[in-house]
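Results of the structural survey
So the chains spell out like this:
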Amino acid sequence: MERFLDVTVAGLMLGGLYALIAMGMSLQYGVARVFNIAHGEFIMLGAMTTYTLFTVFHVSPLLAVAICGPLAFVLGYVIHRLMFRKLQISAPSQGVFESSSMLASFGLMFVIQNLALLIWGPEIRQYSYMTQTFSILGAQFGLRRLVTLVFAVGIGAVFYLFLARTRIGKAIRAAGQDASIAGLMGVNINWVLALCFGLGAAMAGAAGVLISMCYPDSAIMGQEYLTVAIIVVVLGGLGSIPGSFIGGFALGIIGSIVAFWDTGLVMAAFYAIFVILLLVRPKGILGK
Amino acid sequence: MEDLMVGINLLAILYISWFVDWALKQKKSKAWLFSGLVLIMLAVLITLPYYGPTYSYIMLTGILMYLILTVSWSIFSGPTGYISLAPAAFFGVGIYTSAILGKEFPVLIVVLFGGLLSVALAAFVGAITLRLRGIYFIVFTFGLVLLIISVLLWYEIKFTGTRGRFIVAAENDMIYYIMLGIMVLLFITGYLIKRSKYGLALQTIGQNEEAAAHMGINVNAVKIAVFAITSIFMGMAGAIMAMRWTYLDPYSAFDVFRSFLPVLMAIFGGMKRFYGPVLGAVILAFLEEKLLTEFPYYYKLSFGIVLILVIIYLPDGLVGLVEKFTRRIQGVKRAGA
């Protein structure tokens, strides 16, 4: 029982982060139609900025969420306006735009990653913050992990309410169904697409801050989280935001069950699930 | 000095690829007008180890590796629009073949075997991914490479106890010759595929797969066959390249970067013409050989910037630019006459 709880809670905590990362990516693909390979780099930027803020300026990582999130939003918004907008105008069809925007995001990944390497260097860094532990029914957990879980779920819930209840949220949902028709219905479509890309980047930035509290960071950490994000997004159904939320937790729990059995097999299990899922049910668990 | 030698040989390769492209456009086989020059160019390439410094053909081997990956990638992915991120998988299969069989068998057999194993993998992957299109195909091939890395890493640590393996090294000029031989085979295969009805079938699939199927093209057979045939070159290149590196582990053998680079090089060069990917690969791989070790971060940074600019402003790559200029010059001529 204790072991079962141990595995489940650890899985949930990891799953919260995965869900947050994947929701951002899902929003970018589902609405803005950009399969953003540079997503992991926004996570890295969040984590490394938090590291610098904490070690140099002594800013609490929890406060850094409020700094890195908006910064990543602005960066994402501007990038969409400068790059992807141009591609969308010149692309003859949606399919061509999806391929070319994905390739452009590869370029973006190289640019951000190597800028970060020039700024921070390749070293792995870690800081310690909130190292207390607490116990549930005899199993020990780090407090910071609980905080990251609360933050991840909180951001997910706020975002869901934003989508479901506000006028802008409605515009985003309309754009997700069909961008050009949403544009005809009076939605300022260029603004909404850039907004979605920016919001996705903001979620990645916030996730990066939370990741830096628990795990070591480096300028090349983005790739690892990118692959997790891709797996979760496919698991939940490409472009489905609730699917990504559920998929994140599912993957977190699967990961911690496999880790309990053999740590070396976690990534192999993830990729196996991913490859099999693509073959059997490419729409994912909540796909249309 | 070495750069000059390498540059001359790269021009020779470019000429050969231009020749293939030119030959493709000819209606009858009058194509052998320029063939004398091609033989001279081949002679320049073959004799490089006799007149060039050692470093020049080591460097050319590295460039040829990227060229082979890029051209064989673009034969399938160029016309069909199926963007495969699996080159690293086929290349890695070749490397591991070399690591396992290299001690017991002669080099040529190992290389051939590496290629055939890649074909087997490609045929299998092709057969199971028939239903996947667009972004799903891209993501699947990407995941495949990562799956292979992590399973292999787990296997190596669990059962052999070490991460990596040593490979029996081969002579530098031998590696160069085999690489050159693979390139020539690749060019001939590319010519034959493009010239045959299968080349047209591939283009039709890229434009409209349903329409292609209705016209009586066996879409699945053509896709799987070409995907598998082109992967043989990636596997062979991996098997021979491994003999230069002597040590490898799953991460270096299945380096994901090797899946991205062919895509970027082909797009940079432009996929409308046969010499486009060759041009892209020659330029970028030469720069990589020169700059990667000295300024890795600046190199990759500018690489990213160039990629973004090319995708936004030059969707047809360098070939598009060249064609624009020639059209302009021809236009001026016509206007004058």
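Residues numbered from 1 in each chain as written. Chains lettered and ligands numbered in written order. Predicted model: local features only at pLDDT ≥ 70, side-chain atom pairs only at ≥ 80, totals over all residues.

Moving on: the overall build of chain A. A tally of regular secondary structure across chain A gives 11 helices and two strands. Counting from the amino terminus, chain A carries its helices and strands in the arrangement α-α-α-α-β-β-α-α-α-α-α-α-α. For chain A, whose C-alpha radius of gyration is 19 Å, the value lies close to the compact-globule estimate of 19 Å for 288 residues. Seen along its three principal axes, the alpha-carbon backbone of chain A occupies a region of about 60 × 45 × 35 Å. (Helix = DSSP H or I, 4+ residues; strand = E, 2+ residues; numbered from the N terminus. Rg over C-alpha atoms; globule rule 2.2 N^0.38 Å.)

On a plain count of helices and strands, chain B comes out with 16 helices and two strands. Seen through its principal axes, chain B has C-alpha atoms that stretch 75 × 55 × 40 Å. Split into buried and exposed, the 337 residues of chain B put 47% on the buried side. The long-range share in chain B, meaning contacts at least 24 apart out of those at least 6 apart in sequence, stands at 80%. (Buried ≥ 20, exposed ≤ 12 C-beta atoms within 10 Å, placed from the backbone. Contact = placed C-beta atoms within 7 Å.)

Turning our eyes to something else, we now look at the packing of helix H4 (residues 94-120) of chain A against helix H15 (residues 296-313) of chain B. For the pair H4 of chain A and H15 of chain B, the least separation of the axes is 8 Å and the interaxial angle reads 155 degrees. Here H4 of chain A is positioned roughly antiparallel relative to H15 of chain B, judged by the angle of their axes. Helix-helix and strand crossings are classified by hand; for H4 of chain A and H15 of chain B the assignment is left-handed. Of H15 of chain B, the residues touching H4 of chain A (which contributes Ser100, Leu103, Ala104, Phe106, Gly107, Leu108, Phe110, Val111, Asn114, Leu115, Leu117 and Leu118 of chain A) are Tyr297, Lys300, Leu301, Phe303, Gly304, Ile305, Leu307, Ile308 and Ile311 of chain B. Residues that form the contact of H4 of chain A with H15 of chain B fall into these classes: 16 nonpolar, four polar and one charged. (Axes fitted to C-alpha atoms, helices over the stretch in contact; angles between N-to-C directions. Parallel < 35°, antiparallel > 145°, perpendicular 65-115°, else oblique. Left-handed = near helix turned anticlockwise from the far one by under 90°. Nonpolar A, V, L, I, M, F, W, Y, C, P; charged D, E, K, R; others polar.)

By size, the foremost hydrophobic cluster in this structure holds 210 residues, and its most contacted members are Ile21 of chain A together with Leu67, Ile68, Val145, Met179 and Ala237 of chain B. Take this core: its biggest share by element is 17 residues, from helix H8 (residues 189-214) of chain A. Sequence-distant contacts of Ile68 of chain B, that is, excluding residues within four places in its chain, are made with Ile182, Met183, Leu186, Phe233 and Ala237 of chain B. (Core = buried A, V, L, I, M, F, W, Y, C linked by C-beta atoms within 7 Å.)

Let us look at the interface of chain A and chain B. Taken together, the contact pairs 36 residues of chain A with 32 residues of chain B. Every element with two or more residues in the side of chain A that touches chain B is listed here: helix H3 (61-90), H4, helix H9 (222-236) and helix H11 (266-280) of chain A. Looking at the side of chain A that touches chain B element by element, the count peaks at 16 residues for H4 of chain A.

Residues and elements named next belong to chain A. Between helix H2 (residues 39-57) and H4, the shortest axis-to-axis distance is 10 Å and the interhelical angle comes to 20 degrees. With respect to each other, H2 and H4 are oriented roughly parallel. With respect to the hand of their crossing, H2 and H4 are arranged in left-handed fashion. From H2, Glu41, Met44, Leu45 and Met48 reach across to H4, where they touch Met109, Ile112, Gln113, Ala116 and Trp120.

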